[in-house]
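# Tertiary structure, described
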Amino acid sequence: QVQLVESGGGLVQAGGSLRLSCAASGRTFSRYAMGWFRQAPGKERQFVAAITWSGGRTGYADSVKGRFTISRDNAKNTVSLQMNSLKPEDTAVYYCAAAPSNTVVAGAFSYWGQGTQVTVSS
C-alpha cells in the first residue's frame, strides 16, 4: 500500500507556472505507476498525466500536452507535475494517484492523495 501527500498548489495568473509535488510513503514506490488527476467544481475527476515505474513512458490528456510535464524521482519517492502556460480552465483540485502496475492507463489508478487546489486567474 502507498500513501500520497500533494503540495505546491496555489493561485497563479493565466500564462504562469506552478509545480506540484507528491510525496509517497512505502518501500515499493518504484513498483507503482504514478499519475495526476484533477477535478473542477461540478465536474467529474479527469486524467491529467501518468508515468510508468522507471519513467520510460508517460501519458497526457490532450488538454495539457505541451504545457504540463510529469516526472518522478524513485530515490526520493516523489512525483512532480510541472505546469506551464496555465489557463483559467486548468483551475481544479489536483490529485496525486498511484497504480500497482506499470501502466499509464487512467483506470488502473487506485490510490489517491487528499488533493491540492490550483486556481488560475484570468
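Residues numbered from 1 in each chain as written. Predicted model: local features only at pLDDT ≥ 70, side-chain atom pairs only at ≥ 80, totals over all residues. Heavy atoms only, no water.

## Digging into the overall build of the protein
The line we're drawing: Helix and strand definitions here come from DSSP, where helices need a minimum of 4 consecutive H or I residues and strands a minimum of 2 consecutive E residues; each element is numbered from the N-terminal end. Within these notes, the globule rule equals 2.2 Å times the number of residues to the 0.38 power, and the radius of gyration is based on C-alpha atoms. Exposure categories follow from relative accessible area, calculated using a 1.4 Å probe and restricted to protein chains: below 20% of the type maximum is buried, above 50% is exposed, and the middle band is partly exposed. Contacts: residue pairs with any heavy atoms within 4.5 Å of one another. The Shrake-Rupley method, run with a 1.4 Å probe sphere, supplies the accessible areas, and residue values consider only the shown protein chains as cover. Neither His nor the chain ends contribute to the count of charged residues, in which Lys and Arg are positive and Asp and Glu negative. To locate a charge, take atom NZ for lysine, CZ for arginine, CG for aspartate or CD for glutamate.
Broken down by element type, the protein carries 0 helices and 11 strands. If you list the helices and strands of the protein from N to C, you get β-β-β-β-β-β-β-β-β-β-β. What you see for the protein is a C-alpha radius of gyration of 13 Å, in line with the 14 Å of a compact globule of 122 residues. With the C-alpha coordinates aligned to their principal axes, the bounding extent of the protein is approximately 40 × 25 × 25 Å. Taking all 122 residues of the protein together, the buried fraction comes to 43%. Within the protein, counting contacts between residues at least 6 apart in sequence, those at least 24 apart form 59% of the total. Counting every atom, the protein has about 6,100 Å² of accessible surface; 47% of that belongs to carbon and sulfur. Averaging the locations of the 12 positively and 6 negatively charged side chains of the protein gives two centres separated by 7 Å.

## Quick word on the pattern of salt bridges
Test applied: Any carboxyl oxygen of Asp or Glu that lies within 4 Å of a side-chain nitrogen of Lys or Arg is treated as forming a salt bridge with it.
Under the defined criterion, the tally for this structure stands at 3 salt bridges. Between Asp 62 and Lys 65 there is a salt bridge; the shortest N-O distance is 3.2 Å. Comparing Asp 62 with Lys 65 shows no difference in burial state: the two are exposed. Several salt bridges converge on common partners, so that one network encompasses Arg 38, Arg 67 and Asp 90.

## Some words on the nonpolar core
Quick reminder of the rule: Nonpolar cores were defined as sets of buried Ala, Val, Leu, Ile, Met, Phe, Trp, Tyr and Cys residues, with membership established by side-chain atoms within 4.5 Å.
Met 34, Trp 36, Leu 81, Met 83 and Tyr 94 are the most contacted members of the largest nonpolar core, which has 29 residues in total. Broken down by secondary-structure element, the contributors of at least two residues to this core are strand E3 (18-24), strand E4 (33-39), strand E5 (46-51), strand E7 (68-73), strand E8 (78-83), strand E9 (92-99) and strand E11 (116-121). Grouped together as the second largest cluster of nonpolar side chains are 7 residues, Phe 37, Ala 50, Val 104 and Phe 109 included.

## Points about the pairing of E7
Keep this limit in mind: Pairing between two strands requires that DSSP report at least two bridges joining them.
With burial as the criterion, only one face of E7 is covered, namely that bearing Phe 68, Ile 70 and Arg 72; the residues Thr 69, Ser 71 and Asp 73 on the opposite face remain uncovered. One ladder, built from 6 bridges, connects E7 with E8; its direction is antiparallel. Bridging across to E8, Arg 72 finds its partner in Val 79. Hairpin remark: E7 followed by E8, antiparallel, with 4 residues in the connecting loop; positive phi at Asn 77, about 55°.

## Re the side chain of Thr 103
By secondary structure assignment, the location of Thr 103 is in the loop between E9 and strand E10 (111-112). Dropping the residues within four chain positions of it, Thr 103 is found in contact with Ala 33, Ile 51, Thr 52, Arg 57, Ala 108 and Phe 109.

## Some details on the packing of aromatic side chains
Where we set the bar: When two rings of Phe, Tyr or Trp (its six-membered ring) have centres within 6.5 Å they constitute a pair, described as stacked for plane angles under 30 degrees, edge-to-face for angles over 60, and tilted for the intermediate range. For a lysine, the NZ atom is tested; for an arginine, the CZ atom; a charge sits over a ring if that atom is within 6 Å of the ring centre and within 35 degrees of the ring normal.
Under the defined criterion, the tally for this structure stands at 4 aromatic pairs. Between Tyr 32 and Tyr 111, the ring centres sit 5.9 Å apart and the planes meet at 80°, which makes this aromatic pair edge-to-face. In this pair, Tyr 32 sits in the loop between E3 and E4 while Tyr 111 sits in strand E10, placing the two residues 79 residues apart along the sequence. Here Tyr 111 falls in the partly exposed class, since its relative accessible area comes to 24%. With 5.6 Å between their ring centres and 75° between their planes, Phe 37 and Phe 47 make a pair best called edge-to-face. Taken together, the positions of Phe 37 in strand E4 and Phe 47 in strand E5 put the pair 10 residues apart, joining distant regions of the chain. Among the aromatic residues, those joined into a ring-pair cluster are Phe 37, Phe 47, Phe 109 and Trp 112. Across from the ring centre of Trp 112, 3.7 Å away, lies the NZ or CZ of Arg 45, which sits over that ring. Here the guanidinium or amino end of Arg 72 rests over the ring plane of Phe 29, the centre of that ring lying 4.5 Å away.

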